[in-house]
Amino acid sequence: MVSTHPTGVKHSGSQYLPQRRSSNANSSPNQELLPLTARVHNHDFLEIGGCDVTTLVKQFGSPLYILDEETLRLGCQQYRDAFKQYYKGESQVLYASKAWNCLAVCAIAASEGLGIDVASGGELYTALQAGVNPEKIYLHSNNKSREELIFATEVGCTIVVDNWHELRTLVEIVETANSPDLQPRFLLRLTPGIECHTHEYIRTGQLDSKFGFHPNELEELFTFVSKQSVLNCVGLHAHIGSQIFERQPHRDLAALMVQWFSNAAKYGLNLTELNVGGGLGIKYIESDDPPSIEEWVKPICEVIQEACVAENLPLPKLLCEPGRSLIATACVTAYTIGSSKVIPEIRTYIAIDGGMSDNPRPITYQSVYRAVVANKMSSELTQTVTIAGKHCESGDILIKDALLPKTEPGDILVVMGTGAYNYSMASNYNRLPRSAAVVVANGEANLILQRETYQDLIRQDRLPQRLKNQELGVKS
Ligand code: LLP
């Protein structure tokens, strides 16, 4: 099959905005899948953030995560501006750092005025090390350890309490600490019972979910919390899932949360914060049609404002915590093409130097990605191939039936939309060292994650004395 190459990516930055639906019917489909600053230079070569991708690979090796700072910053600004425009009360956007938690990403998001949602003590530690103000950090998880709860309380971040066990542990921590200054600030996470269409593993709003208090428990919960003078309950939280394109579930959630809010007031709880979670989907392939950031924020603000007027409630501080929609499109992963296997009339496999360890989403969620060849951007797309990873696992396939130009070993394959839940879910399967990452802007590339070495792989290994100095390999 021959077709023209979809990437005439010579768009100017201002013409392309992530999350914005294609306004130009003639624009190439890949424009919206690539970071904002993507261009083709010298006819054939992909450039991101003013840096030639093949040169980046020569300098930093592959696989290489390439993060476009401008795209990430623009997403942060779009969320912030949309809340300013559509919400009359105070608001705070938190970056859900589980999508990609590392020092540089936390620092960029925080420098745009975002707070950080962290999902563990490790993510909390990273955000603090990046210099994020703890007052703008919110700690999640459905099973926070006692140590994590103490850590969060001591540094003064807000805890999103998920269940009775955590609530009671917090009370106990404060009582045993015997320090009047230790007053955990927290939100209560509730399960809304709202279902949406996304992969079942990333749906969280339905009643059959491991997260949050069941709505039937509200009376007991609010009664309990209202009696705890040592705790500082400031609001409510809910999250219905991830990679969601529909708008109605978030409208329903906003309305329901205001009802909960009003209900809490009846128990004497003076709540001030309402956090509607994250979940806005992104465009991984041409047919994906998510709402823009503005289209997502606007109805949520409208519903909350209307419902607060109806319930005669003051407007709460409104929070949300997007992850994927901020960072997925900002990053691509560059791989070097190696071996191939042609099975006549069945399939051609082309193998790259990474796979399920740097991007576990295809094997975990059957996620579909698109790719281009960074040094053949203007070549005709003449082959349909399957991109295989290098792991010892048949399921380690990154893309089935990718339409590409004719490739050869050494070509640089670029998979798009890999900023969210790729590095953060990366593993050392088959003891592959974890990949490096660079942030690119204005022709400059800075390393933000150093490539792991073989020494790194055994850094935490211990060989007990009794296993040393054995005669290895003599027994049959
Ligand atoms: N808030 C909470 C409480 C969450 O659990 C999540 C995502 C978010 C916010 C951010 O959601 P986002 O805006 O990124 O959709 N590993 C899966 C995604 C898991 C999502 C986990 N929670 C994937 O690769 O698709």
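Thresholds, definitions, all that
- Residues numbered from 1 in each chain as written.
- Predicted model: local features only at pLDDT ≥ 70, side-chain atom pairs only at ≥ 80, totals over all residues.
- Heavy atoms only, no water.
- Helix = DSSP H or I, 4+ residues; strand = E, 2+ residues; numbered from the N terminus.
- Axes fitted to C-alpha atoms, helices over the stretch in contact; angles between N-to-C directions.
- Parallel < 35°, antiparallel > 145°, perpendicular 65-115°, else oblique.
- Left-handed = near helix turned anticlockwise from the far one by under 90°.
- Contact = heavy atoms within 4.5 Å.
- Nonpolar A, V, L, I, M, F, W, Y, C, P; charged D, E, K, R; others polar.
- Buried < 20%, exposed > 50% of the residue type's maximum accessible area, 1.4 Å probe, protein only.
- Lys, Arg positive; Asp, Glu negative; His and termini not counted.
- Salt bridge = Lys/Arg side-chain N within 4 Å of Asp/Glu carboxyl O.
- Polar contact = N/O pair within 3.5 Å; in protein donor to acceptor, adjacent residues only side chain to side chain.
- Pairing = 2+ DSSP bridges.
- Right-handed = clockwise from strand over helix to strand, strands pointing away.
- Near = heavy atom within 4 Å.
- Areas by Shrake-Rupley, 256 points an atom, 1.4 Å probe, with all protein chains shown as cover.
- pLDDT = per-residue confidence, 0-100.
- Arc of directions from axis to C-beta.
- Phe/Tyr/Trp six-rings, centres within 6.5 Å; stacked < 30°, edge-to-face > 60°.
- Lys NZ or Arg CZ within 6 Å of the ring centre and 35° of its normal.

### Some remarks on the environment of Gly395
- If you trace the backbone, Gly395 turns up in the loop between β16 (383–388) and β17 (397–404).
- Expressed as a C-alpha distance, the spacing of Gly395 and Ile363, which sit 32 residues apart in the sequence, is 6.4 Å.

### Here's the deal with the packing of helix α5 (residues 146–155) against helix α6 (residues 164–177)
- It is the contact of α5 with α6, at a shortest axis distance of 10 Å, that shows an interaxial angle of 60°. Taken together, the axes of α5 and α6 are oblique relative to one another. The two elements α5 and α6 meet at a crossing, and its hand is right-handed. Across the interface between the two elements, Arg146, Leu149, Ile150 and Thr153 of α5 pack against Glu166, Thr169, Leu170, Glu172, Ile173 and Thr176 of α6.
- Among the residues making up the contact of α5 with α6, the classes are represented as four nonpolar, three polar and three charged.

### Digging into the side chain of Asp358
- The residue Asp358 is located in the loop between β14 (347–352) and α11 (361–365) in this model.
- Although buried, Asp358 forms no salt bridge, and the nearest oppositely charged side chain, Arg451, lies 8.2 Å from it.
- Within polar-contact distance, the side chain of Asp358 engages the backbone nitrogen of Gly355 at 2.7 Å.
- Residues within four places of Asp358 in sequence aside, it is in contact with Pro63, Tyr65, Thr333, Tyr335, Asn422, Tyr423, Ala426 and Ser435.

### What to know about the packing of helix α4 (residues 121–129) against α5
- Relative orientation of the contacting elements α4 and α5 amounts to 25°, with a least axis distance of 10 Å. The orientation of α4 relative to α5 falls into the category roughly parallel. Of the two elements, α4 crosses α5, and the hand of that crossing is left-handed. Residues Gly121, Leu124, Tyr125 and Leu128 of α4 form the contact with α5, whose own contacting residues are Glu148, Phe151, Ala152 and Val155.

### Points about the environment of Phe261
- Tracing the backbone shows Phe261 in helix α8 (residues 248–266).
- Accessibility expressed as a relative area gives 6% for Phe261, which makes it buried.
- Residues Phe261 and Leu236 lie 25 residues apart in sequence; the distance between their C-alpha atoms is 7.5 Å.
- Those residues within four positions of Phe261 in sequence are excluded, and the remaining contacts are Leu236, Leu271, Thr272, Glu273, Leu274, Leu313 and Pro316.

### Let's talk about the sheet that holds strand β2 (residues 45–48)
- Pairing is antiparallel across the open sheet formed by three strands, whose spatial order is β1-β2-β3. Strand pairing shows two members of the sheet lacking a second neighbour, β1 (39–41) and β3 (51–52), which therefore form its edges.
- With two bridges joining them, β2 and β3 adopt antiparallel strand pairing. Residue pairing in the sheet places Ile48 in a bridge with Cys51 of β3.

### Side note on the sheet that holds strand β10 (residues 232–237)
- Read around the barrel, eight strands follow the order β5-β6-β7-β8-β9-β10-β11-β12 and close on themselves; strand pairing throughout is parallel. Neighbour-to-neighbour, the strand axes of the sheet open up by a mean angle of 30°, direction not taken into account.
- Looking at chain direction, strand β9 (residues 185–189) and β10 are connected through five bridges and run parallel. If you follow Arg189 over to β10, its bridge partner there is His237.
- The strands touched by α6 are β8 (158–161) and β9; relative to β8, the strand with the most contacts, the crossing angle is about 140°.

### Re the pairing of β10
- Judged by how many residues are buried, β10 sits mostly within the fold: five of six residues are covered.
- Where β10 and strand β11 (residues 273–275) come together, three bridges link them in parallel fashion. Looking across to β11, one finds that His237 is bridged to Asn275.
- A crossover connection joins β10 to the parallel β11 through α8; in handedness this β-α-β unit is right-handed.

### Regarding the site of the ligand
- Near the ligand lie 20 residues; those nearest to it are Ser242, Glu321, Arg361, Tyr365 and Tyr421.
- Contacts to the ligand include Gly279, whose backbone N or O atom sits 3.0 Å from an oxygen atom.
- One of the side-chain nitrogen or oxygen atoms of Glu321 is found 2.7 Å away from a nitrogen atom of the ligand.
- Contact with the protein chains hides 92% of the accessible area of the ligand, taken as 590 Å² for the molecule alone.
- Within the shell around the ligand, the residues separate by chemical class into six nonpolar, eight polar and six charged.

### Focus: the confidence of the model for the protein
- On average, residues of the protein carry a pLDDT of 92, and 92% of them reach 70 or more.
- Of the regions scoring below 50 in pLDDT, residues 1–27 engages in 74 contacts with residues more than four places distant in sequence or in other chains.

### Comments concerning helix α1 (residues 53–60)
- Of all the residues in α1, the buried ones are Val53, Thr54, Leu56, Val57 and Phe60. Angularly, the buried residues of α1 cover 155° about the axis, an arc narrow enough to put them on a single face. Among the exposed residues of α1, those oriented more than 90 degrees off its buried face are Lys58 and Gln59.
- After α1 finishes, the residue Gly61 shows a positive phi value of roughly 80°.

### Things to note about the packing of aromatic side chains
- One pass over the full model with this rule turns up eight aromatic pairs.
- Each ring, one from Tyr79 and one from Trp296, has its centre 6.0 Å from the other, and the planes form 75°; the classification is edge-to-face. Residue Tyr79 is found in helix α2 (residues 69–86), and its partner Trp296 is found in helix α9 (residues 293–311); the two are separated by 217 residues along the sequence.
- Take Trp296: its relative accessible area is 3%, and that puts it in the buried class.
- Seen in terms of ring centroids, Trp164 and Phe213 are 5.7 Å apart; in terms of plane orientation they differ by 90°. Their pairing is edge-to-face. With a gap of 49 residues between them, Trp164 in helix α6 and Phe213 in the loop between β9 and α7 (218–226) connect regions that are remote in the sequence.
- Among the aromatic residues, those joined into a cluster by ring pairs are Tyr65, Trp100 and Tyr423.
- Between the NZ or CZ atom of Arg168 and the centre of the ring of Phe224, over which it lies, the distance is 5.9 Å.

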